[in-house]
Amino acid sequence: MGKQDNDTPPPLPEPLRVPVADSHTHLDMQDTTVEAALAKAASVGVTTLVQVGCDLAGSRWAADTAAAHDSVHAAVALHPNEAPRIVLGDPDGWSRQGARTAGGDAALDDALTEIDALAARPEVRGVGETGLDYFRTGPDGTAAQQRSFRAHIEIAKRRGKALVIHDREAHDDVLRILREEGAPDRVVFHCYSGDAAMAEICAAAGYFMSFAGNVTFKNAQPLRDALAVAPPELVLVETDAPFLTPAPYRGRANAPYLIPRTLRAMAEVKGMTEDALASAVAANTARAFDY
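Attention in this report is confined to the structure presented alongside it.

What counts as what
Residues numbered from 1 in each chain as written. Predicted model: local features only at pLDDT ≥ 70, side-chain atom pairs only at ≥ 80, totals over all residues. Heavy atoms only, no water. Axes fitted to C-alpha atoms, helices over the stretch in contact; angles between N-to-C directions. Helix = DSSP H or I, 4+ residues; strand = E, 2+ residues; numbered from the N terminus. Parallel < 35°, antiparallel > 145°, perpendicular 65-115°, else oblique. Contact = heavy atoms within 4.5 Å. Core = buried A, V, L, I, M, F, W, Y, C linked by side-chain atoms within 4.5 Å. Buried < 20%, exposed > 50% of the residue type's maximum accessible area, 1.4 Å probe, protein only. Left-handed = near helix turned anticlockwise from the far one by under 90°. Pairing = 2+ DSSP bridges. Salt bridge = Lys/Arg side-chain N within 4 Å of Asp/Glu carboxyl O. Arc of directions from axis to C-beta.

### Remarks on the packing of helix 10 (residues 259–270) against helix 11 (residues 274–288)
Step number 1: Direction vectors running N to C along helix 10 and helix 11 enclose 110°, while the axes themselves pass 9 Å from each other. Viewed along their axes, helix 10 and helix 11 adopt a mutual orientation that is roughly perpendicular. Residue-level inspection shows L263, R264, M266 and A267 of helix 10 in contact with helix 11, the latter providing E274, L277, A278 and V281.

Below you can see the structure in the form of structure tokens.
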């Protein structure tokens, strides 16, 4: 696929007959206005979006955007990779803020205090994405990640909001910390990345599992196996846009309007009709985020 192809937005899919929600998107990282993204998504039956913050600026923006648009709900948090950057600094400037000096635990506490205040706002329906990421952050950042994750769990419980989990190569520790802290009433594993055995554990605990475009990738059989055993009443769909664009458009920018492609692939895996899965997903997302 040439560079030119990668710059071309994928075509609009056939609209869904039963409207659904994109349970996890990053409009602030997409090359669009909020209004244009919402209109394009609604034109194919994606009528609700959960806009997810990854740092203080993004969480403020998510809350403000949700306050301004009835069809948008917000989740606010410090991403697992953001916590070590606050504590230990980010000399390479890998994140959107550029290079940063180490702020120590006090800086993390200050940031968490602001996340807590944002989580009190009515348009904020989730605390996330929080969790653990052992892919991007090495052992030196693990303590900051785990401390931040535990704090977000506490905020979600106290504020009565859904907990949205980012779990990358950290399944055992994520599940262990949820057990140790006591999980909030509503937990969403965003971009579910575990196998079928972990899906059974999540199902038994009543955790929602949100599947993204990577469930369509050729090498993603373990994800499809997990989806196959996930109870229909605990399954959500998301884009994680602009990332994880579903096949056959991998490599191009993802957007909420591409949800129907992922949902149809999921219906096939589950042996459900598109309408039945869409109805389940729509109800599940409303239940997960309490809207």
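This is not the end of the story, as more comes after the structure.
### Observations concerning the nonpolar core
Step number 1: Counting residues in hydrophobic clusters, the biggest one holds 69 residues, and the most contacted among them are F149, L178, F189 and Y192.
Step number 2: Per-element tally for this core: the top contributor is helix 5 (residues 104–119), with six residues.
Step number 3: Apart from the residues lying within four places of it in its own chain, the contact partners of F149 are T130, G131, L132, L163, I165, V174, I177 and L178.
Step number 4: Counting residues in hydrophobic clusters, the runner-up holds eleven residues, among them A75, A162, L234 and F289.

### Quick look at the packing of helix 5 against helix 6 (residues 142–159)
Step number 1: The interhelical angle for the contact between helix 5 and helix 6, taken along N-to-C directions, is 25°, at an axis separation of 10 Å. One finds that helix 5 runs roughly parallel with respect to helix 6. Note on packing geometry: the crossing formed by helix 5 with helix 6 is right-handed. Residue-level inspection shows D105, L108, D109, L112, I115, D116 and A119 of helix 5 in contact with helix 6, the latter providing A144, R147, S148, A151, H152, I155, R158 and R159.

### Remarks on the environment of K40
Step number 1: Within the secondary structure, K40 sits in helix 2 (residues 34–42).
Step number 2: The spacing of K40 and V164 is 124 residues in sequence and 25 Å in space, taken between C-alpha atoms.
Step number 3: Beyond its immediate chain neighbours, meaning those up to four positions away, K40 contacts P9, L12 and Y257.

### Let's talk about the sheet that holds strand 3 (residues 72–76)
Step number 1: Pairing is parallel in the open sheet, where eight strands are placed in the order 1-2-3-4-5-6-7-8. One side of each edge strand has no neighbouring strand; the edge strands of this open sheet are strand 1 (20–25) and strand 8 (235–237). Each strand of the sheet is rotated relative to its neighbour by a mean of 30°, with strand direction disregarded.
Step number 2: Alignment of strand 7 (residues 208–211) against strand 8, held across three bridges, turns out to be parallel. Residue pairing for strand 8: F211 is matched across the bridge by V237.

### With respect to the pattern of salt bridges
Step number 1: Scanning all chains against the criterion turns up 18 salt bridges.
Step number 2: Its salt-bridge partner being E114, residue R60 comes within 2.5 Å of it at the nearest N-O pair. Note that R60 is positioned in helix 3 (residues 56–68) and E114 in helix 5, a separation of 54 residues in sequence.
Step number 3: Owing to a relative accessible area of 36%, R60 belongs among the partly exposed residues under this scheme.

### Considering helix 2
Step number 1: Every buried residue of helix 2 is listed here: V34, A37, L38 and A41. Axial view of helix 2: buried residues confined to an arc of 95°, hence all on one face.
Step number 2: Tucked into the core, helix 2 has its buried residues touching strand 2 (46–52), helix 3 and strand 3.

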